[in-house]
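Examination of the molecular architecture
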Amino acid sequence: MLCSCAHKCRHSRLLIEWEDTLPYVGRLKCVRHPTQCYSASQVRDILQAAAESNLEVIPLVQTFGHLEFVLKHERFSSMRESPQSYMDLCPLADGARELASELVSQVLSFHPGCRRIHVGCDEVFGFVSCTKCKKFVRSTPDGRTQLFLDHVLHVINQCVSVHKVQPFIWHDMLDSFSKEALVPLARTGVQVVIWSYTPEVESKLPVDLWDRLMAAGVSCWGASAYKGASEPDGVWTPMVHHLANHQSWIAASRRVKLSGIFLTGWTRFNHTAALCELLPAGFPCLVLCLATLQAGGWHPSLAHRVLDPIGLAGISLSPSTSVLSDLPLGRFPGAEMFQHLGRLESLRRMLVRLEENRRLFCPPFTRRLNPPMWQQLYDQTVGIVANLEHIAVVLPVAGRGLFCSDVMHEIVSSKVSALSSDVLRLSHFFRDLLDRHKSPVRLADVPPRAVNPSGDHDMSAAADTAGDTVMPAASPVSMADSEVVVDAIVTVAADGAVVAVTDASKVAASSSTPPPVVSLGDCAQFSPIS
């Protein structure tokens with residue numbers, strides 16, 4: 001379905017980052033994912049499906065940064081840029097270049113006839129962290145640039161000279177490179193892919209990046225996103241956000257020369273990160289973004305033309321919580337899962353709102369008691385938990401044939417069970433408040449200022465009895481020649497528990513006689529939020 005959809009929208013290539021799902025051999029065999037690795041025949045089936053839709057497959061394999069899937073293994077730990085992190089390859093480590101070369105060779109071996117390969121090289125966050133690299137940078141003119149180029153040029157030259165394939169790299173590590181430093185890259189024929197997933201693609205890019213790349217003779221591509229680039233643990237794909245990103249890329253392509261645009265759809269922000277939006281949740285956004293690029297821009301009529309064939313005619317591109325809870329059942333692989341994920345997003349938004357209401361109506365954020373509101377909030381949590389329990393049952397059924405059982409278990413545990421834990425914690429909080437306030441308690445809406453025996457108004461503090469203090473008012477107010485009507489003076493212990501209330505109703509402001517103290521006992525204990 002994915003391949004045929006791309007073909008219908010006149011897209012010609014499919015970029016696949018396999019990471020640890022390829023059946024590597026030799027010393028890289030340990031890199032295979034134990035349960036999610038494809039067999040060689042499954043890889044061939046995927047490539048055949050792409051070929052039948054006239055899509056050229058471009059494999060992506062990281063060779064510098066984002067190498068967690070390799071460097072996390074003890075066998076390759078000596079090649080880490082930092083012993084405490086397995087994100088980045090140290091370009092000066094013994095065997096580092098050989099490892100990068102072997103990754104490229106093995107990935108290409110699974111793609112017979114491949115003409116292009118993407119070798120990553122983005123977000124090398126730990127670059128120049130180790131002693132060897134720091135020493136090289138200090139002793140070499142323009143050391144950081146040269147160290148990066150030495151490693152990347154080795155990988156690129158292997159692609160061009162040994163495998164006869166066209167290499168691509170990401171742009172971000174080149175952001176500070178001068179035109180002169182970019183020239184050696186241009187000579188290899190490498191294609192630089194500039195990625196930006198925001199509604200304003202150039203807002204995060206150096207203002208002169210395009211000029212430097214083009215002046216050096218580097219060919220450039222763009223990279224947009226149709227999912228997986230907005231929230232690291234997202235459930236729902238924000239279609240308006242991604243459509244704006246593609247609109248912005250279309251505008252950029254009219255100002256600068258681009259060889260093409262890759263539509264990326266990420267599953268995780270990095271190898272060890274949580275799952276973000278799943279493909280069933282992002283599929284409607286994908287077809288909208290494909291159509292937008294094909295049409296040269298967005299128009300509302302595209303929504304009807306594109307979404308009607310997949311059974312989502314009239315769906316809002318920015319659905320409300322209530323709409324998400326009752327989405328239509330579409331006509332595309334994963335449509336049932338799309339529907340359940342919409343309900344899950346609706347419940348997630350309800351939890352966000354509940355958290356806001358906790359801060360609005362509950363101690364310690366307010367001193368005013370409101371048991372009826374707490375009951376409403378508690379009842380909402382009970383309803384959310386029941387709905388989450390239902391989704392935990394139906395989601396794996398909807399995912400059959402789309403995800404293996406291991407992935408499905410991760411989806412339920414990370415997106416449903418984790419949300420349930422948060423809701424239950426909140427539910428227990430509201431229940432605890434209600435249990436400790438079963439009968440009405442007369443408590444000051446706003447703790448009044450203390451009145452000392454001399455009759456003067458003390459704006460800073462009140463009685464000091466066995467470590468207990470009276471909460472001061474938020475700001476001083478002139479009380480001359482006026483009568484103040486208050487409900488009570490609240491005495492609070494150091495641990496935040498309300499231990500006494502001084503009844504002070506209808507006390508004249510000029511009164512010098514302190515009212516009696518009335519103990520509340522256990523009925524006014526406030527527990528801090530865990």
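As a starting point, this report considers the structure included with it. (Residues numbered from 1 in each chain as written. Predicted model: local features only at pLDDT ≥ 70, side-chain atom pairs only at ≥ 80, totals over all residues. Heavy atoms only, no water.)

Moving on, we get to the overall build of the protein chain. For the protein chain, the helix and strand inventory stands at 15 helices and 16 strands. Counting over 530 residues, the protein chain shows a buried share of 48%. Summarising the internal contacts of the protein chain: among those between residues at least 6 apart in sequence, 70% fall at separations of at least 24. Put simply, the protein chain shows about 24,900 Å² of open surface, and 54% of that area lies on carbon and sulfur atoms. (Helix = DSSP H or I, 4+ residues; strand = E, 2+ residues; numbered from the N terminus. Buried < 20%, exposed > 50% of the residue type's maximum accessible area, 1.4 Å probe, protein only. Contact = heavy atoms within 4.5 Å. Areas by Shrake-Rupley, 256 points an atom, 1.4 Å probe, with all protein chains shown as cover.)

Quick look at the pattern of salt bridges now. A side chain with one charge may pair with a side chain of the opposite charge, provided their charged atoms come close. What the rule picks out here adds up to 15 salt bridges. In this structure, the salt-bridge partner of Arg27 is Glu102, at a minimum N-O distance of 2.7 Å. With Arg27 in the loop between strand E1 (13–17) and helix H2 (40–52) and Glu102 in helix H4 (residues 96–109), this pair connects stretches of sequence that are 75 residues apart. Taken together, the shared-partner salt bridges connect Arg13, Glu56, Arg115 and Arg116 into one network. (Salt bridge = Lys/Arg side-chain N within 4 Å of Asp/Glu carboxyl O.)

This part covers H2. Here H2 is 13 residues long and its end C-alpha atoms lie 18 Å apart, about the 18 Å a rise of 1.5 Å per residue gives. Among the residues making up H2, those that are buried are Val43, Leu47 and Ala50. Along the axis of H2, the buried residues cluster in a sector spanning 55 degrees; they form a single face. The outward face of H2, more than 90 degrees from its buried face, is lined by the exposed residues Arg44, Asp45 and Glu52. Just downstream of H2 lies Asn54, where phi reads positive at about 55 degrees. (Expected span 1.5 Å × (residues − 1). Arc of directions from axis to C-beta.)

The buried count for strand E2 (residues 56–60) comes to five of five residues, which makes it a mostly enclosed element. Along E2, one buried face is formed by Glu56, Ile58 and Leu60 and the opposite face, lined by Val57 and Pro59, is buried too. When E1 meets E2, the two strands line up parallel, connected through five bridges. Its bridge partner lying in E2, Arg13 is registered against Glu56. Taking the sense of rotation as the criterion, the β-α-β connection linking E1, H2 and E2 turns out right-handed. (Pairing = 2+ DSSP bridges. Right-handed = clockwise from strand over helix to strand, strands pointing away.)

Buried within helix H7 (residues 179–188) we find Ala181, Leu182, Leu185, Ala186 and Thr188. Relative to the axis of H7, the buried residues are bounded by an arc of 150 degrees and lie together on one face. Facing away from the buried side of H7 by over 90 degrees, the exposed positions are Glu180 and Arg187. With its phi angle positive at about 85 degrees, Gly189 sits one or two positions after the end of H7.

With 73 residues, the main nonpolar core has Leu99, Ile117, Phe148, Ile169, Leu185 and Ile194 as its most contacted residues. Counting residues per element, this core draws most heavily on helix H6 (residues 143–162), at eight residues. When residues no more than four places from it in sequence are discounted, the contact partners of Ile117 are Ile58, Pro59, Val61, Val104, Val107, Leu108, Cys159, Val165, Gln166, Pro167 and Phe168. (Core = buried A, V, L, I, M, F, W, Y, C linked by side-chain atoms within 4.5 Å.)

Take the packing of aromatic side chains next. Taken as a whole and assessed by the stated rule, the structure comprises 15 aromatic pairs. Between the aromatic rings of Phe64 and Phe148, the centroid separation amounts to 5.5 Å while the plane-to-plane angle is 15 degrees, which identifies the pairing as stacked. Taken together, the residues span a long stretch of sequence, with Phe64 in the loop between E2 and helix H3 (68–71) and Phe148 in helix H6 at a distance of 84 residues. Comparing Phe64 with Phe148 shows no difference in burial state: the two are buried. Feature note: the residues Phe64, Phe127, Phe148 and Phe177 constitute an aromatic cluster, connected by ring pairs. The cationic tip of Arg358 hangs over the ring face of Phe429; the distance from NZ or CZ to the ring centre is 5.7 Å. Sitting above the plane of the Tyr378 ring, Arg431 keeps its charged end 4.9 Å from the centroid. (Phe/Tyr/Trp six-rings, centres within 6.5 Å; stacked < 30°, edge-to-face > 60°. Lys NZ or Arg CZ within 6 Å of the ring centre and 35° of its normal.)

Tallying each qualifying case throughout the model produces zero disulfides. Cys133 supplies the cysteine sulfur nearest to Cys130, a cysteine that is in no disulfide, at a spacing of 3.5 Å. Cys130 gets classed as buried once you look at its relative accessible area, which sits at 15%. (Disulfide = S-S within 2.5 Å.)

Treat this as a map of the structure, not an account of what it does.
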